[in-house]
Amino acid sequence: MNEIICPNCKKAFKVDEAGFADILKQVRDHQFEQELTARLALAENEKESAVKLAEANIKNALQEALAKKDKQLAEVKAKSDAVLAENLAKKAAEIAEMKAKVQNAETEKKLEVSEAIKKIEKERDDLINDLKMKETETQLLEKSIREQFTNKLVAKDEAIKMKEDEISRLKDFKQKLSTKMIGESLELHCETEFNKLRATAFQNAYFEKDNDATGGTKGDYIYRETDESGNEIISIMFEMKNENDETATKKKNEDFFAKLDKDRKEKSCEYAVLVSLLESDSELYNTGIVDASHKFEKMYVVRPQFFIPIITLLRNAAMNSMEYKAELNLMRNQNIDITHFEEKIDVFKKGFAYNYDLASRKFKTAINEIDKTISHLQKTKDALLSSENNLRLANNKAEDLTIKKLTRGNPTMKAMFDEQNKRSE
């Protein structure tokens, strides 16, 4: 028998071996269960502690890794931002510099074009002023010529008046002249009339009998006049013809034209004048001065009273001709000057067109180069924007980082993670 003391009431009681064994078994089972429960609880606590420690370690490791990655990403981002900012600043500076160059180039081109235009306008104004001066000179010359002609017309009117008086006197002479007057008297009359005016009107004139008959014939008188330099102004071969009423055969003026023309040519005279009293009833010849150039070149038929007037008219015509020739030479020289002026204008226009075309092509080339530079800068800008986009994608990937993604391909971290999952289950 085994004695057992109750732990509660402190009483002793006896039990047999079987009961004691049963009680002992119960006690042992109870203790084992308590111990097992305690051990299980301890194991569970240890397990939880281990899990928590592992979780803490993993968390710390992950936090350290994440912190390191965040730091690296921050550094990369900072460097990228710095590089991007630096590149953008450089490109912005380059763009600003190119824009400044473009503006400077445009300003220089504008200044060059403006200077060229000013130069051209100055040359144009100078040419216009020269042209105006030429026009003014021409107008003054025309005015001077008009005044000269006006003065000459006035002088001509006065001379005509004087000649009309002389004609009246000669008409009176004709009325008094005998019809039996011989040719010698007509020659004497003409010579006398000329000598009256020689000292005043014909100072440089020669008027003498033609005594040279080497050609077989000779005229009556030769008139020649020269200028102060000795240049011949005019020359006239004169033939004087009168008619006696008792002559059986009446002569006509035309009968003497051929001989007079021959004498004129042989003595190298410019004009031929027949002073005639023939055909006294002819209305044609009685008009005073008749132009016979349709028969023979530069031939005239005059009545005696028109002897001095024909000399004066032909002489004035020759003088005017000389003035016209001088004026014509002057105008020709002025026309040459104007032609040269127009040629200069044409050369200027061609030069201006060439320089304008050259400047235009260079300007277009500069614009094309600027466009190419802008296109290149645009490509650089697009590349920078693409780099920024890649950095943004990298940042998004960093923010999307998870434990699974970090442990993927890492056996150690994967084993720790799997162990943690098992313990959690």
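Before reading further, recall that the structure is shown in the block above.
Residues numbered from 1 in each chain as written. Predicted model: local features only at pLDDT ≥ 70, side-chain atom pairs only at ≥ 80, totals over all residues. Heavy atoms only, no water.

Q: Quick one: what's the story with the overall build of the protein chain, residue by residue and with numbers?
A: The helix and strand tally for the protein chain stands at six helices and eight strands. Counting all 425 residues of the protein chain, 23% fall into the buried class. Of the contacts formed within the protein chain by residues at least 6 apart in sequence, a portion of 61% connects residues at least 24 apart. (Helix = DSSP H or I, 4+ residues; strand = E, 2+ residues; numbered from the N terminus. Buried < 20%, exposed > 50% of the residue type's maximum accessible area, 1.4 Å probe, protein only. Contact = heavy atoms within 4.5 Å.)

Q: How would you summarise the side chain of lysine 267 if you had to cite specific residues and measurements?
A: Take lysine 267: it is sitting in the loop between helix H3 (257-266) and strand S6 (271-276). Exposure remark for lysine 267: the relative accessible area of 12% places this residue in the buried category. Beyond its immediate sequence surroundings of up to four residues, lysine 267 is in contact with Asp210, Asp212, Thr217, Lys218, Ile222, Arg224 and Met237.

Q: So what's going on with the nonpolar core? Residues and values would help.
A: If you look at the biggest cluster of nonpolar residues, it comprises 25 residues, and the most contacted ones within it are Phe194, Tyr223, Ile236, Phe238, Val273, Phe307 and Ile311. Among the elements of the structure, helix H2 (183-201), strand S3 (205-209), strand S4 (221-226), strand S5 (232-241), S6, strand S8 (299-302) and helix H4 (307-399) are those that each provide at least two residues to this core. Those residues in contact with valine 273 that sit more than four places away from it in its chain are Ile236, Met237, Phe238, Glu239, Leu260, Tyr300, Val302, Ile310 and Leu314. Of all hydrophobic cores here, the second largest spans 12 residues; its members include Phe257, Cys269, Ala292 and Val301. (Core = buried A, V, L, I, M, F, W, Y, C linked by side-chain atoms within 4.5 Å.)

Q: A description of the sheet that holds S3 should follow, citing residues and the corresponding values.
A: Strand order in the open sheet formed by six strands is S3-S4-S5-S6-S8-S7, with mixed pairing between adjacent strands. Because the sheet does not close on itself, it has two edges, and the strands there are S3 and strand S7 (289-291). Sheet twist, expressed as the average angle between the axes of neighbouring strands with direction ignored, equals 20°. Both S7 and S8 contribute to a ladder of three bridges, which runs antiparallel. By the bridge assignment for S8, valine 290 is matched with valine 301. The sheet contacts of H3 involve S5, S6 and S8, and relative to S5 the element is tilted by about 150°. (Pairing = 2+ DSSP bridges. Axes fitted to C-alpha atoms, helices over the stretch in contact; angles between N-to-C directions.)

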